[in-house]
There are 2 protein chains.
Amino acid sequence: MEIVKTMDELRAARKKLNTPVGLVPTMGFLHAGHLSLVKRARQECDSVVVSIYVNPTQFGPNEDFSAYPRNLEQDLNLLREAGADLVWVPTEVVMYPEGYQTFVTVDEVTRVLEGAMRPTHFRGVTTIVAKLFNAVQPDKAYFGQKDAQQVAVLQQMVWDLNFNLDMIICPIVREKDGLALSSRNTYLDTDQRKAALVLSCSLRKARKLFADGERDCRKIREEMDAVFSQEPLAKVQYISLAAPRTLQELDQIDNRALVSMAIYVGKTRLIDNTVLGNEDTTLD
Amino acid sequence: MEIVKTMDELRAARKKLNTPVGLVPTMGFLHAGHLSLVKRARQECDSVVVSIYVNPTQFGPNEDFSAYPRNLEQDLNLLREAGADLVWVPTEVVMYPEGYQTFVTVDEVTRVLEGAMRPTHFRGVTTIVAKLFNAVQPDKAYFGQKDAQQVAVLQQMVWDLNFNLDMIICPIVREKDGLALSSRNTYLDTDQRKAALVLSCSLRKARKLFADGERDCRKIREEMDAVFSQEPLAKVQYISLAAPRTLQELDQIDNRALVSMAIYVGKTRLIDNTVLGNEDTTLD
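The structure displayed is predicted, hence computed values, not measured ones.

Draft legend 1. Structural view of the overall build of chain A. Within chain A, the regular secondary structure consists of 10 helices and 10 strands. Relative to the compact-globule value of 19 Å for 284 residues, chain A shows a C-alpha radius of gyration of 19 Å, a close match. Within chain A, the fraction of its 284 residues that count as buried is 40%. Excluding contacts between residues fewer than 6 apart, the proportion of contacts in chain A whose partners are at least 24 apart in sequence is 70%.

Below, the structure written as structure tokens:
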């Protein structure tokens, strides 16, 4: 496994890779969710590139950029075990050198949900991912369904800007009790960790209602709200039932719906989702 | 020479090309300026791709998008003679399908000069060129120095977004009397055509002053203004002496300066430029 930092090193290493090349972009502090992406890439591609970069432009001014957990040595060990070929760990001066001034923005699909709560977040995400795509030129790029809106936004960017690659979206990985893996789970104390289970509980509730024939979004949302109201440590920021591609809110589910939400448990902001009308082996 | 329209056709044709691949993006109505780019690409690359697309997003609401001259048959004949391998002529539905919503923006360097006069112009340029780069994946991309700010903006975008290609900037091509070639010259009547010579005259004046040791930008601008004041059909929009990379206005020339300007001759807007401190065989 080769580890590179600068753009020149990356380009030189990229040239030596056999194709197809799979890219797994990460912010490090890797967990089984990230590793599921690496394993999938390993199965489907001749070469697997992983980037590790905590991207400052996708954090808001009051968000947790400096507190975001980092453990490069552990990450590299995990990636070695998982069979990555090339790990790119750029520094800020590589990614955003002095005079940097170019941004990629996706419009409608970034205005709602996470984008409404975090106004500059997706501009940071699309910009850094466009940079990673151009630098690595992968044939396939792997992302987790955990960040459902990120996936929708990046897929829109790939279509619109004609990136010559396939987006591969992998299922959410959960703890045995249902909590979706997230690097931010490390912020939770024991009580908060228990409280965070309302996320997966409410999603299971939604899936049950849908399986029983309920198609009225207001009713599903009310029942989910009832789950949250039983957990005093959890504060709901939003619960959404939206069209999976455009993320426009639905009144009625004709086909599929992305159920997604953000909550605060203490100061920690957590998100989770499922797609009604799709199989979801992580919750079923 | 292969001619393709859709993205699938383009990708299939691109796969068959030998590398390095050179790309010449154009809006068609080709003249000797465009052809000089094709010839340079022919010399330096194993394959030459030319795109022809009058990009609506780089025209302002009151600009000449619908009037912009088009002559595809003539363009294709010229490209055949010049030795292009692949010509991509996308339609609007290929480039901006329903639901399109992604844009690339470059900040500081687009705020001045043309960008100040044409507020949405460069967002259109950077977006379409990013799309062309991703779709064609060239090793080298060829642009004319005629659009000096466009060149500066696109070079900044290439650096910032880590496009894996070299920007090749080719000299302005002029008529024998000095008028820089432009598809928009076709709008000029005989008197306007003569009046447009103030552009190259004033640039020659600037070069003469610089060659004689003048370094005070205010003085050079005054002398250029004097040239324009002798031509009643020409109305100056701006004259700029700026740092060639950042395009920030200069008081004093320490090293090099981009002298650029926009004028109206009748309803036709014309631009021209030269770099003081560089050789400029088109004006010397």
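Draft legend 2. Molecular detail of the domain arrangement of chain A. Residues and elements named next belong to chain A. One can read the domain layout of chain A as domain 1 (2-170) and domain 2 (187-275). For domain 1 versus domain 2, the separation of C-alpha centres amounts to 27 Å. Only α5 (113-117) and α7 (148-160) provide two or more residues apiece to the side of domain 1 that touches domain 2. When grouped by side-chain class, the residues that make up the side of domain 1 that touches domain 2 number six nonpolar, one polar and one charged.

Draft legend 3. Here's a closer look at the interface of chain A and chain B. Counting from both sides, the interface comprises 24 residues of chain A and, opposite them, 24 residues of chain B. Sorting the residues of the side of chain A that touches chain B by element identifies α1 (7-15), β5 (102-106), α6 (121-136) and α7 of chain A as the ones contributing at least two each. Here the residues of the side of chain A that touches chain B are counted per class, giving 11 nonpolar, eight polar and five charged. Bridge count for β5 of chain A against strand β5 (residues 102-106) of chain B is five bridges, and the pairing is antiparallel. Counterpart to T102 of chain A in the pairing with β5 of chain B is V106 of chain B.

Draft legend 4. Highlighting the sheet that holds strand β4 (residues 86-88) of chain A. All names here are of chain A. Read from one edge of the open sheet, six strands run β1-β4-β3-β2-β6-β7, paired in parallel fashion. Whereas interior strands pair on both sides, the edge strands pair on one side only; in this sheet they are β1 (2-4) and β7 (166-170). Adjacent strand axes in the sheet meet at a mean angle of 25°, parallel and antiparallel pairs treated alike. By the bridge criterion, three bridges tie β1 to β4 in an arrangement that is parallel. Paired with V4 across the two strands is W88, which belongs to β4. Lying over the sheet, helix α3 (residues 72-82) contacts β1, β3 (47-52) and β4, oriented at roughly 170° with respect to β3. The strands touched by α6 within the sheet are β2 (21-26), β3 and β6 (140-144), with β2 carrying the most contacts at an inclination of about 150°.

Draft legend 5. Inspection of the packing of helix α2 (residues 32-44) of chain A against α3 of chain A at higher detail. Residue and element names in this part refer to chain A. For the pair α2 and α3, the least separation of the axes is 10 Å and the interaxial angle reads 30°. The angle between α2 and α3 falls in the class roughly parallel. Where α2 crosses over α3, the handedness of that crossing is right-handed. Across the interface between the two elements, L35, V38, K39 and R42 of α2 pack against L78, L79 and A82 of α3. Of the residues in the contact of α2 with α3, the class split is five nonpolar, no polar and two charged.

Draft legend 6. Broad picture of the relation of the copies chain A and chain B. Aligned on chain B, chain A shows an RMSD of 0.0 Å; the corresponding rotation is 180° and the shift along the axis is 0.0 Å. Put plainly, the chains are arranged around a two-fold axis. It is V104 of chain A whose C-alpha, among those of chain A, lies nearest the rotation axis, at 2.3 Å. A shared interface surface links the copies, since 100% of the contact residues of chain A are contact residues in chain B too.

Draft legend 7. Quick look at the sheet that holds strand β8 (residues 234-242) of chain A. All names here are of chain A. The antiparallel open sheet is built from three strands, whose spatial order is β8-β9-β10. Two strands close off the open sheet at either side, each with one partner strand: β8 and β10 (268-276). If you compare each strand with its neighbour and ignore which way they point, the axes differ by 15° on average.

Draft legend 8. Fine view of the environment of V87 of chain A. All names here are of chain A. Counting through the fold element by element, V87 comes out in strand β4. We classify V87 as buried; it has 23 C-beta atoms within 10 Å. The sequence separation of V87 and L23 amounts to 64 residues, and the corresponding C-alpha distance is 9.7 Å. Not counting the four nearest positions on each side in its chain, V87 is found in contact with M1, I3, V50, I52, L76 and L79.

Draft legend 9. Main features of the packing of helix α6 (residues 121-136) of chain B against helix α7 (residues 148-160) of chain B. All names here are of chain B. Between α6 and α7, the least distance of the axes is 10 Å, while the angle of their chain directions is 50°. One element, α6, and the other, α7, form an angle in the oblique class. As α6 runs across α7, the sense of the crossing is right-handed. Residues F122, V125, T126, V129 and A130 of α6 touch α7, and the partners they reach there are Q150, V153, L154 and M157. Residue composition of the contact of α6 with α7, grouped by class: seven nonpolar, two polar and no charged.

Draft legend 10. Expanded view of unusual backbone geometry. All names here are of chain A. Cis rather than trans, the peptide bond between T19 and P20 has omega equal to 0°. One can find P20 in the loop between α1 and β2. At L113, a residue that is not glycine, the phi angle is positive and equals roughly 50°. With respect to the helices and strands, L113 occurs in helix α5.

Draft legend 11. Local environment of the confidence of the model for chain A. Chain-level pLDDT for chain A is 97 on average; 100% of the residues reach the 70-or-more range. Model confidence for the complex: the whole-complex pTM is 0.97, and ipTM, which rates the interface, is 0.96.

Draft legend 12. Representation of helix α9 (residues 198-211) of chain B in the model. Between its first and last C-alpha atoms α9 of chain B spans 20 Å; for 14 residues at 1.5 Å apiece the expected length is 20 Å, and the two agree. One or two positions beyond α9 of chain B, positive phi appears at G213 of chain B, with a value near 105°.

Draft legend 13. Representation of the pairing of strand β10 (residues 268-276) of chain B. All names here are of chain B. Pairing of strand β9 (residues 257-265) with β10 involves nine bridges; the strand directions are antiparallel. Residue Y264 lies in a different strand from β10, and its bridge partner there is R269. Linking β9 to β10, which pair antiparallel, is a turn of two residues; within it G266 sits at a positive phi near 65°.

Conventions adopted
- Residues numbered from 1 in each chain as written.
- Chains lettered and ligands numbered in written order.
- Predicted model: local features only at pLDDT ≥ 70, side-chain atom pairs only at ≥ 80, totals over all residues.
- Helix = DSSP H or I, 4+ residues; strand = E, 2+ residues; numbered from the N terminus.
- Rg over C-alpha atoms; globule rule 2.2 N^0.38 Å.
- Buried ≥ 20, exposed ≤ 12 C-beta atoms within 10 Å, placed from the backbone.
- Contact = placed C-beta atoms within 7 Å.
- Domains from an automatic or database assignment.
- Nonpolar A, V, L, I, M, F, W, Y, C, P; charged D, E, K, R; others polar.
- Pairing = 2+ DSSP bridges.
- Axes fitted to C-alpha atoms, helices over the stretch in contact; angles between N-to-C directions.
- Parallel < 35°, antiparallel > 145°, perpendicular 65-115°, else oblique.
- Left-handed = near helix turned anticlockwise from the far one by under 90°.
- Least-squares fit on C-alpha atoms with pLDDT ≥ 70 in both.
- pLDDT = per-residue confidence, 0-100.
- Expected span 1.5 Å × (residues − 1).

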